[in-house]
Amino acid sequence: MRDHQALPLSDYIQYPESEMIERAHQFVKELQRRHTIREFSDKPVPREIIDQAIRAAGTAPSGANHQPWHFAVISDPAVKAQVREAAEKEERAFYEGRAGEEWLDALAPLGTDQDKPYLETAPWLIAIFAQRRGGIAKGLDLKNYYVTESVGIATGFLINALHHAGLVTLTHTPKPMNFLNRICKRDNTERPFILLVTGYPAKGATIPVHSTLKKPLEDIVSYI
Ligand code: IYR
């Protein structure tokens, strides 16, 4: 390795193998209870949970550790209404033709349409932005690397953290969603990545059967 400043790895925990196997199984069970939800309760969620989930997301690995992400968190009902209005406008165009037949056929088993009431009902909307430029500290203007990969991993961490805390999420991607730059006052060099909706599920919330059909291990793995 080239010379660099380094610290000893002091917080690694090595579990006995039997415990690792048990933990691996428990974690799958925990993640199998995660579902994308489209019916939200308006019950408020403490901001501390959102802060902690974003801290968890911020631990994600990233290109050159530049952490090329920004989380714009919306709770103001007036701003949520603006997001809903702008998203539904794009979604109307999408569902009325822009998507094309093949895409609409693929979405049919999910039951989605242009109406996005949860953008106002859910207590928190987290607009995730990907930063083309930045660096390891605020105020830097260096090139960022592997931006999409990095922000995708951080988003995965965020979804898991919110699930772990006991909330549900929807990964919403209205297309195009540049309106999020305007509403969240983010520079145009930042790319809106995903609009994550989070809160409690509505009473009687459902999940599409389609989304429970996860590929079995043998269909997603090959050991070489
Ligand atoms: N953004 C639209 C359409 C949509 C697209 C995909 I791919 C999905 O997995 C789900 C929805 C919408 O939110 O309705």
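Asker: Tell me about the side chain of Lys116, residues and numbers included.
Answerer: Tracing the backbone shows Lys116 in the loop between α4 (101–107) and α5 (118–121). Buried within the structure, Lys116 lacks any salt-bridge partner; Glu91 is the closest side chain of opposite charge, at an N-O distance of 4.3 Å. Aside from chain neighbours lying at most four places away, what touches Lys116 is Arg84, Glu88, Glu91, Tyr95 and His172.

Asker: Lay out the packing of helix α2 (residues 47–57) against helix α6 (residues 147–165) with the relevant residues and their values.
Answerer: Axis separation between α2 and α6 bottoms out at 8 Å; the angle between their running directions is 140°. The chirality of how α2 crosses α6 is right-handed. Note on element contacts: α6 touches α2 through Ala154, Phe157, Leu158, Ala161, Leu162 and Ala165, opposite Ile49, Ile50, Ala53, Ile54, Ala56 and Ala57.

Asker: Please provide a residue-by-residue account of the sheet that holds strand β6 (residues 190–199), values included.
Answerer: A sheet is described by the order of its strands in space; here four strands give the open sequence β1-β2-β6-β5, paired in antiparallel fashion. Here the strands that pair on one side only, and so sit at the sheet edges, are β1 (69–74) and β5 (168–172). Averaged over neighbouring strand pairs, the angle between their axes works out to 25° when direction is ignored. Direction of pairing for β1 relative to strand β2 (residues 124–131): antiparallel, over a ladder of six bridges. Paired with Ala72 across the strands is Ala127, a residue of β2.

Asker: Please give an account of the pairing of β2 that cites residues and values.
Answerer: Across the eight residues that make up β2, a large majority, eight, are buried. Of the two faces of β2, the one holding Trp124, Ile126, Ile128 and Ala130 and the one holding Leu125, Ala127, Phe129 and Gln131 are both buried throughout. Two elements, β2 and β6, share eight bridges in a ladder whose sense is antiparallel. When the sheet's bridge partners are listed, Gln131 is paired in β6 with Glu190.

Asker: Give a detailed account of the nonpolar core, specifying residues and quantitative values.
Answerer: One recurring pattern in soluble globular proteins is that nonpolar side chains are buried together. Ile50, Phe71, Ile126, Ile128, Leu158, Leu162 and Leu196 are the most contacted members of the largest nonpolar core, which has 23 residues in total. Elements with a contribution of two residues or more to this core: α2, β1, β2, α6 and β6. A per-element tally of this core places α6 first, with seven residues. Beyond its immediate stretch of four places on either side in the chain, Leu196 contacts Trp124, Leu125, Ile126, Ile128, Leu158, Ile159, Leu162, Thr169, Leu170 and Thr171. Ile37, Leu125, Val168 and Cys184 belong to the second-largest nonpolar core, a separate cluster that totals 22 residues.

Asker: Could you give an account of the environment of Ala108, naming the residues involved and the relevant values?
Answerer: Mapped onto the elements, Ala108 comes out in the loop between α4 and α5. Assessed through its relative accessible area of 56%, Ala108 is described here as exposed. Separated by 104 residues in the primary sequence, Ala108 and His4 place their C-alpha atoms 53 Å from one another.

The rules behind the values
Residues numbered from 1 in each chain as written. Predicted model: local features only at pLDDT ≥ 70, side-chain atom pairs only at ≥ 80, totals over all residues. Heavy atoms only, no water. Helix = DSSP H or I, 4+ residues; strand = E, 2+ residues; numbered from the N terminus. Buried < 20%, exposed > 50% of the residue type's maximum accessible area, 1.4 Å probe, protein only. Lys, Arg positive; Asp, Glu negative; His and termini not counted. Salt bridge = Lys/Arg side-chain N within 4 Å of Asp/Glu carboxyl O. Contact = heavy atoms within 4.5 Å. Axes fitted to C-alpha atoms, helices over the stretch in contact; angles between N-to-C directions. Left-handed = near helix turned anticlockwise from the far one by under 90°. Pairing = 2+ DSSP bridges. Core = buried A, V, L, I, M, F, W, Y, C linked by side-chain atoms within 4.5 Å.

Taken by themselves, the reported measurements are silent on function.
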